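Chain and residue survey
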Amino acid sequence: MPSDQNLQGGKAFGLLKAQQRERLEQINKEFLEDQKYRDEEDLEEKLDSFKNKYAEFDLNDQGEIDMMGLKRMMEKLGVPKTHLEMKKMISEVTGGCSETISYRDFVKMMLGKRSAVLKLVMIFEDKANGSILKPSGPPPKRDIASLP
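Residues numbered from 1 in each chain as written. Predicted model: local features only at pLDDT ≥ 70, side-chain atom pairs only at ≥ 80, totals over all residues. Heavy atoms only, no water.

1. Comments concerning the overall build of the protein
Quick note on the threshold: Secondary structure follows DSSP: runs of H or I at least 4 residues long count as helices, runs of E at least 2 residues long count as strands, and numbering of each begins at the N terminus. For every residue, the accessible area obtained with a 1.4 Å probe (protein chains only) is divided by the maximum for its type, and the residue is called buried under 20%, exposed over 50%, and partly exposed between those limits. A contact between two residues is defined here by any heavy atoms of the two lying within 4.5 Å. Shrake-Rupley sampling with a 1.4 Å probe provides the accessible areas, and residues are treated as covered by the protein chains on show and by no other component.
Of the regular secondary structure elements, the protein holds six helices and two strands. Each helix (α) and strand (β) of the protein, taken in turn from the N terminus, gives the series α-α-β-α-α-β-α-α. The burial tally for the protein puts 31% of its 148 residues in the buried class. Partitioning the intrachain contacts of the protein with sequence separation of at least 6 by distance along the chain shows that 50% fall at a separation of at least 24. Entry remark: accessible area of the protein is about 10,300 Å², with carbon and sulfur atoms responsible for 55%.

2. Quick notes on unusual backbone geometry
The phi torsion of most residues other than glycine is negative, and most of the peptide bonds are trans. For D42, which is not glycine, the phi torsion reads 50° and is therefore positive. Here D42 lies in the loop between α1 (9-33) and α2 (43-57). D42 sits in the partly exposed class, given a relative accessible area of 46%.

3. Overview of the confidence of the model for the protein
Rules: Per-residue confidence from the predictor is reported as pLDDT, a score between 0 and 100.
Confidence in the prediction of the protein, expressed as mean pLDDT, is 79, and 78% of residues score 70 or more. Segment residues 131-135 is flagged for pLDDT under 50; beyond a separation of four residues in sequence, or across chains, it makes four contacts in the model.

4. What to know about the packing of aromatic side chains
Spelled out, the test is: Between the rings of Phe, Tyr and Trp (Trp by its six-membered ring), a pair exists once the centres lie within 6.5 Å; its type follows the angle of the planes, with under 30 degrees stacked, over 60 edge-to-face, and the other angles tilted.
Summed over the entire model, instances satisfying the criterion amount to five aromatic pairs. Geometrically, the ring pair formed by F31 and Y37 is tilted, given 5.2 Å between the ring centres and 55° between the ring planes. Each ring, one from F50 and one from F106, has its centre 6.3 Å from the other, and the planes form 85°; the classification is edge-to-face. Of this pair, F50 sits in helix α2 while F106 is found in helix α5 (residues 103-111), placing the two residues 56 residues apart along the sequence. In this pair, the class of F50 matches that of F106, namely buried. Among the aromatic side chains, those forming a connected cluster through ring pairs are F50, Y54, Y103 and F106.

5. A closer look at the layout of surface pockets
Counted only if it meets this: Cavity means a closed set of points on a 1 Å grid over the protein atoms alone, one where a 1.4 Å probe fits but cannot get out, pocket means an open set with protein on both sides within 12 Å along at least 5 of 7 lines, and lining means a residue has an atom within 4 Å of a point. Grid points are joined across faces, edges and corners, and a volume is the space filled by probe spheres set on the points.
When its volume is computed, the largest pocket comes out at roughly 210 Å³. Lining the largest pocket we find 13 residues, and of these K46, F50, M110, I123 and D126 sit closest to its centre. Elements that contribute at least two residues to the lining of the largest pocket include exactly α2, α5 and α6 (117-129). Looking at the lining of the largest pocket element by element, the count peaks at five residues for α2.

6. Focus on the side chain of K51
The residue K51 is located in helix α2 in this model. You can call K51 buried: its relative accessible area is 10%. Aside from chain neighbours lying at most four places away, what touches K51 is R21, L24, E25, N28 and Y103.

7. Considering helix α4 (residues 83-94)
Here is the rule: Each residue after the first adds 1.5 Å to the expected span of a helix.
An ideal rise of 1.5 Å per residue puts 16 Å on twelve residues; α4 measures up with 16 Å between its terminal C-alpha atoms. Phi turns positive, to about 75°, at G95, one or two residues after α4.

As structure tokens, then:
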């Protein structure tokens, strides 16, 4: 097989993503073996979901979500944030010691008891995707008398 340098465009990107998912999977295993999280309900499913979410927004494939990745995540979730708000969110997740969100920080935030803004947004988005929040079908018919 040719070396990684010979891969072009999509193949190189695919390889990067595969390597990234493998790294995230290794971190998931650590959480699965961690006594602290053994009572967590559906831990394996949650970790799998976190991995997929995280990989989607790790734009530079460095194993971290940077400011641009977080910006894209917030926009995609329909809650765009200012630069300052995102800096605060990253600081909240990392304890102020990093300008990027590592996967470990992300999982600890999602499984932790503290409620970070990012966690609330992610939970809300999950509920919105799989719940009755979205009306389906045509809007109900209204007559002029019912208008405000």
